[in-house]
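# Reading the structure
Single-letter residue listing:
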2 protein chains.
Amino acid sequence: MEKAVFYHAGCPVCINAEDRITELVDRSRFEVEHVHLGRDRGRIAEAEAAGVKSVPALVIGGDVLHINHGASMAEVKG
Amino acid sequence: MEKAVFYHAGCPVCINAEDRITELVDRSRFEVEHVHLGRDRGRIAEAEAAGVKSVPALVIGGDVLHINHGASMAEVKG
């Protein structure tokens with residue numbers, strides 16, 4: 001099972017993207033962890049290290065897919 | 001089988017996103033059509049009508065997921 005991480009901040013754009021990605025993903029092959037960076041602020045550094053510039057974003061393997069634009073990481077950090 | 005359309009313009013950002021989306025999608029439930037707007041210019045209007053502002057983008061149901069940023073539709077149109 002390959003792991004992917006969906007980072008978001010609870011915004012409407014994030015929730016819409018989350019619904020669509022959850023719907024699309026082949027769950028027999030991928031396990032998607034959902035991380036709300038507004039609540040789980042200890043994981044902001046990890047997201048930035050993975051290359052996340054804005055949310056919502058899906059990190060899969062070494063790649064970051066920024067999906068639409070909800071908020072920049074600067075906005076997430078407040 | 002639900003249909004999704006992946007619009008791209010052959011750029012490196014597009015190809016990377018295409019690979020990842022192809023990998024992620026549950027192909028037992030979704031059929032993804034790949035449209036190269038640089039080659040298939042007759043479909044630019046359709047993409048814009050669906051809400052595509054930049055490529056790569058995946059249109060699924062009534063939603064558009066803009067995935068990273070390869071080129072704006074103005075750039076695609078030249």
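Placed above this text is the structure.
Predicted model only: the values in this text are computed from it and were never measured.

The subject of this paragraph is the environment of E48 of chain B. All names here are of chain B. Mapping E48 onto the fold places it in helix α2 (residues 44-49). Between the C-alpha atom of E48 and that of A4, which follows or precedes it by 44 residues, the distance is 15 Å. When neighbours within four sequence positions are excluded, E48 is seen to be in contact with M73 and K77.

Moving on: the state of the cysteines. Chemically, a disulfide is nothing more than a covalent bond linking the sulfur atoms of two cysteines. Residue and element names in this part refer to chain A. Enumeration over the complete set of coordinates arrives at two disulfides over all chains. Between the sulfur atoms of C11 and its disulfide partner C14 the distance amounts to 2.4 Å. Measuring handedness by torsion sign, the sulfur bridge of C11 and C14 sits at about 65 degrees and is right-handed. Overall, the relative accessible area of 0% leaves C14 in the buried class.

What follows is about the pairing of strand β4 (residues 63-72) of chain A. Every other side chain in a regular strand lies on the same face of the sheet, so the side chains alternate between the two faces. Residues and elements named next belong to chain A. Within β4, seven of the 10 residues are buried, which leaves the element mostly enclosed by the surrounding structure. Across six bridges, strand β3 (residues 54-60) lies against β4 in antiparallel orientation. The residue bridging A57 from the neighbouring strand is H66, located in β4. What sits between the antiparallel neighbours β3 and β4 is a turn of two residues, in which G61 has the positive phi angle 60 degrees.

This part is about helix α1 (residues 12-24) of chain B. With 13 residues, α1 of chain B should reach 18 Å at 1.5 Å per residue; the first-to-last C-alpha distance of 18 Å fits that figure. Those residues of α1 of chain B lying buried are C14, A17, E18, R20, I21 and L24 of chain B.

This paragraph deals with the pattern of salt bridges. Using the criterion set out here, one finds 14 salt bridges over all chains in the structure. R20 of chain A is the salt-bridge partner of E23 of chain A, the closest N and O atoms lying 2.8 Å from each other. Within this pair, E23 of chain A and its partner R20 of chain A are both found in helix α1 (residues 12-24), separated by three residues, close to a single helical turn. Across the pair D26 of chain B and R29 of chain B runs a salt bridge, and its minimum N-O distance is 3.0 Å. Classification of D26 of chain B by relative accessible area gives buried; the value is 10%. Via salt bridges that share partners, K3, E33, R43 and E46 of chain A belong to a single interconnected network.

Calculation criteria
Residues numbered from 1 in each chain as written. Chains lettered and ligands numbered in written order. Predicted model: local features only at pLDDT ≥ 70, side-chain atom pairs only at ≥ 80, totals over all residues. Heavy atoms only, no water. Helix = DSSP H or I, 4+ residues; strand = E, 2+ residues; numbered from the N terminus. Contact = heavy atoms within 4.5 Å. Disulfide = S-S within 2.5 Å. Buried < 20%, exposed > 50% of the residue type's maximum accessible area, 1.4 Å probe, protein only. Pairing = 2+ DSSP bridges. Expected span 1.5 Å × (residues − 1). Salt bridge = Lys/Arg side-chain N within 4 Å of Asp/Glu carboxyl O.

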